[in-house]
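Here is what each chain is made of, one letter per residue.
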Amino acid sequence: MLLLDIADTLINLSDTNNLTKDIQDQLRRDEAEAVNVSDPQKRTVAGRDGLQIDVSYRRGKVSIRERRVYVPATEQSRTYVFTLMDRAEYFDQTAAAADPAISSFALTNQAGGRSGARDGDESKTGSGTIPLALGIILGSIALIVVLVSGFLLLRSRSRAVEFR
């Protein structure tokens, strides 16, 4: 499962000790056991310096691995947080499939200006706001399909484990 959460605050990514402690506390409140948080690693997403933290824990008899990628957007006073989660035995495969989606993340120009084509060039190049909007919509639909498929797959795997 790949989720995108938009925090309406800038998360202090330089305070990694506090950030990892918050992750551990949150998972323990959610009744996770054997919580292990890896050392944070710097990661660049959308040309921004972000942070990646891998976590492993157990829920009952199921081992889970999780990856959190934090992407700050200073001009928006927000932090985008990607959370990838799967059973431990499938995580490496899932992470490899989700990495291109995370890496393709981009922020549009919030000031109303265009990025890319110069004024008057849209008719010549065919690039304007409509293709960008269409791309965002199609990308969103694709992400939803991936999330729903992952959820259903994870749910069917957990049912198979329960019935054994």
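Before going into details, it helps to say that this report is about the structure given with it. (Residues numbered from 1 in each chain as written. Predicted model: local features only at pLDDT ≥ 70, side-chain atom pairs only at ≥ 80, totals over all residues. Heavy atoms only, no water.)

**Some remarks on unusual backbone geometry**
Positive phi outside glycine occurs at A34, with the angle close to 50°. Tracing the backbone shows A34 in strand 2 (residues 33–37). Backbone geometry places S77, a non-glycine residue, at a positive phi of 55°. Within the secondary structure, S77 is located in the loop between strand 5 (62–73) and strand 6 (78–87). (Helix = DSSP H or I, 4+ residues; strand = E, 2+ residues; numbered from the N terminus.)

**Notes on the pattern of salt bridges**
Using the criterion set out here, one finds nine salt bridges in the structure. One salt bridge in this structure joins D99 and R43, with 2.3 Å as the shortest N-O distance. One end of the pair, D99, is in helix 2 (residues 91–103); the other, R43, is in strand 3 (residues 41–45), and 56 residues separate them in sequence. Here R48 makes a salt bridge to E75, at a shortest N to O gap of 2.7 Å. Taken as a pair, R48 in strand 4 (residues 48–59) and E75 in the loop between strand 5 and strand 6 lie far apart in primary sequence, 27 residues in all. (Salt bridge = Lys/Arg side-chain N within 4 Å of Asp/Glu carboxyl O.)

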